[in-house]
Structures are given as C-alpha cells and as structure tokens.
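# Architecture at a glance
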Amino acid sequence: EAASVQVRELLGAYETLEETRNITPDMVTFSLAYKALSLDPDSVDLASLILDRALRRSKKMAGSKRRKTLAASRRKSFSTCSTAEDKLKTLLGEDFDVLYETED
C-alpha cells in the first residue's frame, strides 16, 4: 500500500514533466509502477491503466523506430545509387551518355 502511494506520486511527477519538459516514463518505470500497483487491491484499476499506457507507448516507440529505419535506408540507397553513377561517369568519361541512349 505504501508503495502504491509512492508510485502515484511518481506518476504525478512524470505527468508534470511530460507537460512542461516533454519527459515521459520509460518501459522500466511503467513495469515497476504496474507491479507495485497490481499488488495493492485498491489500485488494480490504476495498474490496468498503466499497462495500457505502456502498451501505447511501446507501439509508438516501435513505429518511430521503423520510420527512422525506413528513412535511413531510403537515404542510404539513394546515396549508394548516386555514388555508383558518379563512379561510372569517372570510369567511362564521355561514353557514359551512351548508357542513356535508346534504340528509338
């Protein structure tokens, strides 16, 4: 019961930090808060709320990571392609323009 009171105070402090400084709890904080609150029969509903919040946060972090990875891979493949083209231009010189010619 004492732990659940401390967890509530900690979560309140995080809410203030989230609003003022954009600092959010990490997964360990959510896990510890859930564990402490789930042990107190009076705090089971809050424990479920914390679990839902952690799940949403986890999905958001995973989505952000995927978007960053995709963006990085797009930049990398673009620079790799242009680098290969530059190397071909260096090797072929004026003959490089022949690569763009068609039979039409």
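Conventions adopted
Residues numbered from 1 in each chain as written. Predicted model: local features only at pLDDT ≥ 70, side-chain atom pairs only at ≥ 80, totals over all residues. Heavy atoms only, no water. Helix = DSSP H or I, 4+ residues; strand = E, 2+ residues; numbered from the N terminus. Buried < 20%, exposed > 50% of the residue type's maximum accessible area, 1.4 Å probe, protein only. Areas by Shrake-Rupley, 256 points an atom, 1.4 Å probe, with all protein chains shown as cover. Core = buried A, V, L, I, M, F, W, Y, C linked by side-chain atoms within 4.5 Å. Contact = heavy atoms within 4.5 Å.

This paragraph deals with the overall build of the protein chain. Of regular secondary structure, the protein chain possesses 3 helices and 0 strands. In sequence order, the protein chain lays out its α and β elements as α-α-α. Here the protein chain holds 104 residues, and 16% of them are scored as buried. Carbon and sulfur atoms make up 56% of the accessible area of the protein chain, which amounts to about 8500 Å² in all.

Of all hydrophobic cores here, the largest spans 9 residues; its members are Val-7, Leu-11, Phe-30, Ala-33, Ala-36, Leu-37, Ala-47, Ile-50 and Ala-54. Broken down by secondary-structure element, the contributors of at least two residues to this core are helix 1 (2-21), helix 2 (27-38) and helix 3 (44-92). Counting residues per element, this core draws most heavily on helix 2, at 4 residues. Other than its neighbours up to four places away in sequence, Leu-37 contacts Ser-4, Val-7, Leu-11, Ser-43, Val-44, Leu-46, Ala-47 and Ile-50.

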